[in-house]
Amino acid sequence: MDYQEYRGIRGLVAAEVLTDDAEKFECGVPFAVAGVAELSRTTETSNESHYYDNVPAVVIDSTGADEVTITASAIPFEALAKLTGQTYDASKGMFVEGERQAKYFAIGYITEKTDGTEVFVWRLKGKFNVPDSTHATKDDGAEANGQELVYTGINTAHKFTSLGNKTAKAVNVDTSVNTGVKEATFFEEVQTPDTVKAVAA
């Protein structure tokens, strides 16, 4: 067995989910979010034993939402307004914090294994929180602050044919196995279990 770890992340993009129903899953054009320093994901899961005849006979398991925490550089106002459902006026260079109309987004990024091969990821549906910001006085040091985004990811409503009519949360494509995927095109639009092509035989 070849042991690998993950080391590296880049290329964070997002695209608005336009349609997610029985007929189709459709997203808008991806746009750059910000530089990304770290991304971590936790998934709500639970397992519970049910007892029959005084013994644990059945284990019921469930999987809930994903919480994706993204440590990023300062997010440009236009992107921040889109992600959080707030307002940006380009003519004034003005981001307005206030009432929100939060929408669903897909997010894409590239992570790297320690052998140098990459994994291309699209997380298909979720919403962003309003990120915290920290601003501190300048001193003679080099300290500066970025922002932290939290993305709550859920399953699509749409069921994908290639999965046998099942929903999905994300696709993760190992480029050392699927050598046909290319960064230049993979992130031009949101990829799903039905759009990712197998390596030609």
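Let us look at the structure shown here. Please read these numbers as outputs of a predicted model, since none were measured by experiment.

Below, the discussion takes up the pattern of salt bridges. The final tally for this structure, using the stated rule, is eight salt bridges. In this structure, Glu26 engages Lys24 in a salt bridge whose closest nitrogen and oxygen atoms are separated by 3.3 Å. On the basis of relative accessible area, Glu26 is assigned to the partly exposed category, the value being 32%. Its salt-bridge partner being Asp66, residue Arg123 comes within 3.1 Å of it at the nearest N-O pair. Of the two residues, Arg123 sits in strand β9 (residues 118-128) while Asp66 sits in strand β5 (residues 55-72), which places them 57 residues apart along the sequence. Overall, Asp66 belongs to the buried group, its relative accessible area being 4%. Among the charged side chains, a salt-bridge network with shared partners connects Arg10, Glu118 and Glu183.

Moving on: the nonpolar core. Counting 25 residues, the largest nonpolar core has Ile70, Leu83, Ile107 and Phe128 as its most contacted members. Those elements that place two or more of their residues in this core are β1 (6-20), β4 (36-52), β5, α1 (77-84), β8 (105-113), β9 and β11 (147-153). Residue contributions to this core peak at four residues, all from α1. By size, the runner-up hydrophobic cluster in this structure holds 18 residues, among which are Val13, Ala15, Trp122 and Phe160.

About the criteria used
- Residues numbered from 1 in each chain as written.
- Predicted model: local features only at pLDDT ≥ 70, side-chain atom pairs only at ≥ 80, totals over all residues.
- Heavy atoms only, no water.
- Salt bridge = Lys/Arg side-chain N within 4 Å of Asp/Glu carboxyl O.
- Buried < 20%, exposed > 50% of the residue type's maximum accessible area, 1.4 Å probe, protein only.
- Helix = DSSP H or I, 4+ residues; strand = E, 2+ residues; numbered from the N terminus.
- Core = buried A, V, L, I, M, F, W, Y, C linked by side-chain atoms within 4.5 Å.

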